[in-house]
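Chain and residue survey
Single-letter residue listing:
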Amino acid sequence: VTNNNLPILNKTQKEVYESFFNQTLRLSQGTSSISPDSNSLTCFGNQLYLIPPDSPDLAGLRVLRWGWMLGTIKSDRFIPSPGLASGLARDDVQKVIEFPVGDPGLTSYMRGSPITYPGDDNNKKTWLLVNVEGFSLGWGKYSQGKIKSHFPKWLR
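Residues numbered from 1 in each chain as written. Predicted model: local features only at pLDDT ≥ 70, side-chain atom pairs only at ≥ 80, totals over all residues. Heavy atoms only, no water.

1. Here we look at the overall build of the protein chain
- Each helix and strand counted, the protein chain has 3 helices and 9 strands in total.
- Counting from the amino terminus, helix and strand elements in the protein chain follow one another as α-β-β-β-β-α-β-α-β-β-β-β.
- The C-alpha atoms of the protein chain give a radius of gyration of 17 Å, which matches the 15 Å a tight globule of 156 residues would have.
- Counting only C-alpha atoms, the protein chain reaches 50 × 30 × 30 Å along its principal axes.
- Residue burial in the protein chain is summarised as follows: out of 156 residues, 37% are buried. (Helix = DSSP H or I, 4+ residues; strand = E, 2+ residues; numbered from the N terminus. Rg over C-alpha atoms; globule rule 2.2 N^0.38 Å. Buried < 20%, exposed > 50% of the residue type's maximum accessible area, 1.4 Å probe, protein only.)

2. Here's the deal with the side chain of D92
- Along the polypeptide, D92 turns up in the loop between α2 (82-86) and β5 (96-99).
- Despite its burial, D92 pairs with no opposite charge; the closest candidate is R26, at 7.8 Å N-O.
- A distance of 2.6 Å separates a polar atom in the side chain of D92 from a polar atom in the side chain of S28.
- Residues in contact with D92, not counting those within four places in the same chain, are L25, R26, S28, G30 and T31. (Lys, Arg positive; Asp, Glu negative; His and termini not counted. Salt bridge = Lys/Arg side-chain N within 4 Å of Asp/Glu carboxyl O. Polar contact = N/O pair within 3.5 Å; in protein donor to acceptor, adjacent residues only side chain to side chain. Contact = heavy atoms within 4.5 Å.)

3. Side note on the pairing of strand β7 (residues 126-132)
- With 7 of 7 residues buried, β7 lies mostly within the body of the structure.
- Here β7 hands over to strand β8 (residues 135-143) after 2 residues, with E133 in that stretch at a positive phi of 45°. (Pairing = 2+ DSSP bridges.)

4. Here's the deal with the packing of aromatic side chains
- Counted under the stated rule, the structure contains 9 aromatic pairs.
- Pairing Y117 with Y142 gives two aromatic rings, centres 6.1 Å apart and planes at 80°, and the pair type is edge-to-face. Residue Y117 is found in the loop between β6 (115-116) and β7, and its partner Y142 is found in strand β8; the two are separated by 25 residues along the sequence.
- Its relative accessible area of 3% is what places Y142 among the buried residues.
- Site record: aromatic cluster; members linked through ring pairs are Y17, F20, F21, F78, W127 and W139. (Phe/Tyr/Trp six-rings, centres within 6.5 Å; stacked < 30°, edge-to-face > 60°.)

This is the structure:
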């Protein structure tokens, strides 16, 4: 039984997510299911989820996790979740910073401290995927020569 009673994204939510997707991700085999045009995306409150395709009707049940939480929509911006980062490969994202194990920059990132990083555009704020020897660790937000850590506080 497929759940047809899921709320669909409203126009604003779709535009905010579409902007993030186009500026941060690449349309690939790994991201096709989470593209803004996917019928499996839904918002509960301000949280965006990818719902499994054959989800049963959950009406009347208390549900803790609706599916894969992709991120949070806050007014006109999308904040990607750590779970989204862990589900993406290097080729799925436009900008990636790669750290070797033991790098002091990685330690700073995991503590939540900003990292100095010479980017190509000092005026544009962009999300980038933080990798450790090829494995996705989390998100960073680049702005004015620094990467702000978005590593979850509960993992620091």
